[in-house]
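What follows is each chain in one-letter form.
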Amino acid sequence: MAASQDKLLYLNAKARGEAIRMLYALGGEKYEDKRVDFQDLPQIKGDLPLGQVPTLETKHGVLTQSNSIARYVAKKLGLAGKELWEEALHDVVIEAVQACIDAYAVPNIYAWKVFKFIPTPENSEQILEDAKNKWIKVLNYIESIAEKRGKKYIIGDSVCGIPFHLF
Ligand SMILES: N[C@@H](CCC(=O)N[C@@H](CS)C(=O)NCC(=O)O)C(=O)O
């Protein structure tokens, strides 16, 4: 396995860091997988470019924003498409998945269903139904990209970085 100087700093959780970890695993590159507990974040916030994790230390400098880091790693390891059109499809899927997470999971569902720091809303059934329908639309769309190409894969002829964003 090839080694790099890259150092990923993220929570001791999957969430926004796991796609990046999986990209390194698929691409066969060693990196440092540094993990921090959520309760220790306030102590290191001041040292982080935007006060948040994940960050990636590279030989060029420090990157922040999980999807930008994932794109950087995917491109570096040849997992983000081989030409402009494939790169664009890779980006479309990442953004579609992120839009679903931002619109439904994080503000509307995690707070009461996962972290339980607010009470279950009265319209919880409707929220879950809307989220399910949105995800079905996005997943069908992702599948249709491969179908239109008449291939098993969304881009290229092998597994790329895209599926990891669904974790
Ligand atoms: N848009 C950023 C969001 C990063 C983010 O919200 N990270 C959380 C952990 S998952 C964090 O650092 N929270 C602490 C804080 O914002 O103070 C990304 O995708 O990297």
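Residues numbered from 1 in each chain as written. Predicted model: local features only at pLDDT ≥ 70, side-chain atom pairs only at ≥ 80, totals over all residues.

Bringing the nonpolar core into the picture now. Leu8, Ile20, Leu23, Ile69, Ala70, Val73 and Ala74 are the most contacted members of the largest nonpolar core, which has 24 residues in total. Two domains share this core, each providing at least three of its residues, namely domain 1 (2–76) and domain 2 (84–161). Beyond its immediate sequence surroundings of up to four residues, Ile69 is in contact with Ile20, Pro54, Leu56 and Leu63. (Core = buried A, V, L, I, M, F, W, Y, C linked by C-beta atoms within 7 Å. Buried ≥ 20, exposed ≤ 12 C-beta atoms within 10 Å, placed from the backbone. Domains from an automatic or database assignment. Contact = placed C-beta atoms within 7 Å.)

What follows is about the site of the ligand. The environment of the ligand is made up of Leu11, Ala15, Arg16, Leu41, Lys45, Gly51, Gln52, Val53, Pro54, Gln65, Ser66 and Asn67. Looking at the shell around the ligand residue by residue, the classes come out as five nonpolar, five polar and two charged. (Near = placed C-beta within 6 Å. Nonpolar A, V, L, I, M, F, W, Y, C, P; charged D, E, K, R; others polar.)

In this section: the UniProt feature "domain: GST N-terminal" (unreviewed entry) in the chain. Summarizing the sequence annotation, UniProt attributes the feature "domain: GST N-terminal" (unreviewed entry) to residues 4–81 in the numbering used throughout. Taken end to end, residues 4–81 comprises 32% helix and 28% strand; its first and last C-alpha atoms sit 21 Å apart. (UniProt positions renumbered as here; feature names shortened; annotations may be inferred. Helix = DSSP H or I, 4+ residues; strand = E, 2+ residues; numbered from the N terminus.)

It is worth spelling out the domain arrangement of the chain at this point. Interfaces are often sized by the accessible area lost when the parts come together. Domain boundaries assigned for the chain yield domain 1 (2–76) and domain 2 (84–161). Centre-to-centre separation of domain 1 and domain 2, based on C-alpha positions: 22 Å. Counting from both sides, the interface comprises five residues of domain 1 and, opposite them, four residues of domain 2. Counting residues per element, the ones that place at least two in the side of domain 1 that touches domain 2 are α1 (18–27) and α3 (66–76). Per-element tally for the side of domain 1 that touches domain 2: the top contributor is α3, with three residues. Residues that form the side of domain 1 that touches domain 2 fall into these classes: four nonpolar, one polar and no charged.

A few words on the sheet that holds strand β2 (residues 29–36). Here we have four strands laid out as an open sheet, ordered β2-β1-β3-β4, and mixed in their pairing. For this open sheet the edge positions go to β2 and β4 (62–64), each flanked by a neighbour on one side alone. Shown here is a sheet whose adjacent strand axes are inclined to one another by a mean of 20 degrees, direction ignored. Where α1 meets the sheet, its contacts fall on β1 (2–11) and β2, and the angle it forms with β2 comes to roughly 160 degrees. (Pairing = 2+ DSSP bridges. Axes fitted to C-alpha atoms, helices over the stretch in contact; angles between N-to-C directions.)

Attention now goes to the environment of Leu77. Position of Leu77 relative to the elements: it lies in the loop between α3 and α4 (84–114). Classification of Leu77 by C-beta neighbours within 10 Å gives partly exposed; the count is 18. Along the sequence, Leu77 and Leu23 sit 54 residues apart, while their C-alpha atoms lie 8.0 Å from each other. When near neighbours in sequence (up to four residues on either side) are disregarded, Leu77 contacts Leu23, Gly27 and Glu29.

With 26 residues, helix α5 (residues 124–149) ought to run about 38 Å at 1.5 Å a step, and its terminal C-alpha atoms sit 38 Å apart, in line with that. Immediately downstream of α5, the backbone of Gly150 shows phi near 70 degrees, a positive value. (Expected span 1.5 Å × (residues − 1).)

This brings us to the packing of α1 against α3. At their nearest, the axes of α1 and α3 sit 9 Å apart, and the two run at 5 degrees to each other. As summarised for this structure, α1 and α3 are arranged roughly parallel, according to the angle between their axes. Touching Ala19, Ile20, Leu23 and Tyr24 of α1 are Ser66, Ile69, Ala70, Val73 and Ala74, all from α3. Among the residues making up the contact of α1 with α3, the classes are represented as eight nonpolar, one polar and no charged. (Parallel < 35°, antiparallel > 145°, perpendicular 65-115°, else oblique.)

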